[in-house]
Amino acid sequence: LIELSSAAIPGGSNYDYHCKILAQTYFKRRLFFSLTEIAPRLKAIDTDIFDAMDQVNACMAGMEDIIHRNTPARDLPQILDENEAILYRRMECREKGTMPGINTGLNSLNAVTMGWQKSDLIILAARPAMGKTAVALHFAKTAAFFGFNVLFFSLEMSDVQLSERLILSEAALSPEDVKSGNLTPEQAKEYLRARNSLNCLPLSIAEKGGVDINELCRMAKGYKRRKKCDLVIVDYLQLVTVGKAERVGNREQEVSFISRRLKALAKDLDVPVIALAQL
């Protein structure tokens, strides 16, 4: 009996591992009960599907908040070790002539920021028709060219329109000629050359009109879990919506809430998030 008991009791070396198992079991049970409460509403004939989706999204978002609130604090020596590792990585990048962040594609901006840094929220604001989307596409193309996975949320333009703008940024062609189809055989070859040069870039475009901030965050986290998200770009901030639970009737407060969620998303995913904003 003593031999059986000593073999069954886990040792202290596996303490963290077993704590993680208990925590995951606890959170899964809470999520199960929360979704069980919502399930009967889905069976009702008069239940609106969008209301049901809002309830499920709110449940998932609430569970994520609980999990992140229970993340333990780190001791200072552990944080200092990470700072030292970051410094050595920066010195290594300096020797190689690269930069620790994601290349912005603009030398003057790189000199100030050393590239887009992880967990940063960057707001690119300008009046309408000033070229915000063109600049954001340049950021996305440059990051993808250097091997970073880019997730581009397009709330205003279709993915086909954005891809055409990317091609035109690589080809010496007139946008009017491309739209009208007035191309010579040589120009058509130039169009195909530019198209093929973009074919291997790790860039994903999510065409979402009026996407909910909870859905946007959930989608970005899904791409991050699949290791396909190193940079998030949102075009543009005012077109992002909130769920019914977060609606306050004041759009200014809602946009402030969306901005805070995007900042939290940048920290949770440990990636830069660029959000365009219209003035």
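This text goes with the structure placed above it.
Treat the numbers as computed from the prediction; the structure is a model and nothing was measured.

Student: What is the right way to read the packing of aromatic side chains from this model?
Tutor: Note on aromatic pairs: each is described by the distance of the centres and the angle between the planes. For the structure shown, the criterion picks out four aromatic pairs. Its guanidinium or amino end placed over the ring of tyrosine 223, arginine 226 lies 4.7 Å from that ring's centre, counting from NZ or CZ.

Student: Which parts of the structure should I look at to understand the nonpolar core?
Tutor: Generally speaking, soluble globular proteins have nonpolar side chains that are buried together. With 27 residues, the main nonpolar core has Phe153, Ile213, Leu216, Val232, Val234 and Leu262 as its most contacted residues. Those elements that place two or more of their residues in this core are β2 (150-154), α10 (213-225), β4 (231-235), α11 (251-269) and β5 (273-278). The greatest single-element share of this core, amounting to seven residues, is contributed by α11. Other than its neighbours up to four places away in sequence, valine 232 contacts Leu151, Phe153, Ala220, Val271, Pro272, Val273 and Ile274. The next biggest cluster of nonpolar side chains, apart from the first, holds 26 residues, and it includes Ile102, Leu137, Phe139 and Leu162.

Student: What is the right way to read helix α6 (residues 132-145) from this model?
Tutor: Working note: α-helix, 3.6 residues per turn, so residues spaced by three or four point in the same direction. An ideal rise of 1.5 Å per residue puts 20 Å on 14 residues; α6 measures up with 20 Å between its terminal C-alpha atoms. Most of α6 sits inside the fold, with ten of its 14 residues counted as buried. Glycine 147 lies just past α6 and shows a positive phi near 95°.

Student: How should I be thinking about the environment of leucine 269 in this particular structure?
Tutor: For leucine 269, the position within the fold is in helix α11. Note on leucine 269: relative accessible area 7%, which makes it buried. With 185 residues separating them in the primary sequence, leucine 269 and glutamate 84 have C-alpha atoms 21 Å apart. The contact partners of leucine 269, leaving out residues within four places of it in the chain, are Ala220, Lys221, Lys224 and Cys229.

Student: Explain the sheet that holds β2 here, please?
Tutor: Two strands in a sheet stick together by hydrogen bonds in their backbones, pointing the same way (parallel) or opposite ways (antiparallel). Spatially, β1-β5-β4-β2-β3 is the arrangement adopted by the five strands of the open sheet, whose pairing is parallel. Strand pairing shows two members of the sheet lacking a second neighbour, β1 (121-126) and β3 (203-207), which therefore form its edges. Across the sheet, the axes of successive neighbouring strands diverge by a mean angle of 15°, strand direction being ignored. Running at roughly 145° to β3, helix α7 (residues 159-170) makes contact with β2 and β3 of the sheet. Set on the sheet, α10 makes contact with β2, β3 and β4; between it and β2 the angle comes to about 160°.

Student: Please clarify how unusual backbone geometry should be interpreted in this entry.
Tutor: Working note: non-glycine residues mostly have negative phi, and peptide bonds are mostly trans. The omega torsion of the bond from aspartate 235 to tyrosine 236 falls at 5°, within 30 degrees of zero and hence cis. Tracing the backbone shows tyrosine 236 in the loop between β4 and α11. Positive phi, normally seen in glycine, also occurs at alanine 129, with a value near 60°. Secondary-structure assignment places alanine 129 in the loop between β1 and α6. Of note, the phi angle at lysine 227 is positive, near 60°, even though the residue is not glycine.

Student: Teacher, can you tell me more about the pattern of salt bridges here?
Tutor: When the charged atoms of two side chains with opposite charge come close together, those side chains can pair. The tally for this structure, following the rule as stated, stands at three salt bridges. Here glutamate 92 makes a salt bridge to lysine 96, at a shortest N to O gap of 3.1 Å. Here glutamate 92 pairs with lysine 96, and both are found in helix α4 (residues 76-96), just four residues apart, close to one helical turn. For glutamate 92, a relative accessible area of 41% gives the class partly exposed. Between glutamate 170 and lysine 141 there is a salt bridge, and its shortest N-O distance comes to 2.8 Å. Pair noted here: glutamate 170 is in helix α7 and lysine 141 is in helix α6, with a separation of 29 residues, a long-range link. By relative accessible area, which is 30% here, glutamate 170 ends up partly exposed.

About the thresholds
Residues numbered from 1 in each chain as written. Predicted model: local features only at pLDDT ≥ 70, side-chain atom pairs only at ≥ 80, totals over all residues. Heavy atoms only, no water. Phe/Tyr/Trp six-rings, centres within 6.5 Å; stacked < 30°, edge-to-face > 60°. Lys NZ or Arg CZ within 6 Å of the ring centre and 35° of its normal. Core = buried A, V, L, I, M, F, W, Y, C linked by side-chain atoms within 4.5 Å. Buried < 20%, exposed > 50% of the residue type's maximum accessible area, 1.4 Å probe, protein only. Helix = DSSP H or I, 4+ residues; strand = E, 2+ residues; numbered from the N terminus. Contact = heavy atoms within 4.5 Å. Expected span 1.5 Å × (residues − 1). Pairing = 2+ DSSP bridges. Axes fitted to C-alpha atoms, helices over the stretch in contact; angles between N-to-C directions. Salt bridge = Lys/Arg side-chain N within 4 Å of Asp/Glu carboxyl O.

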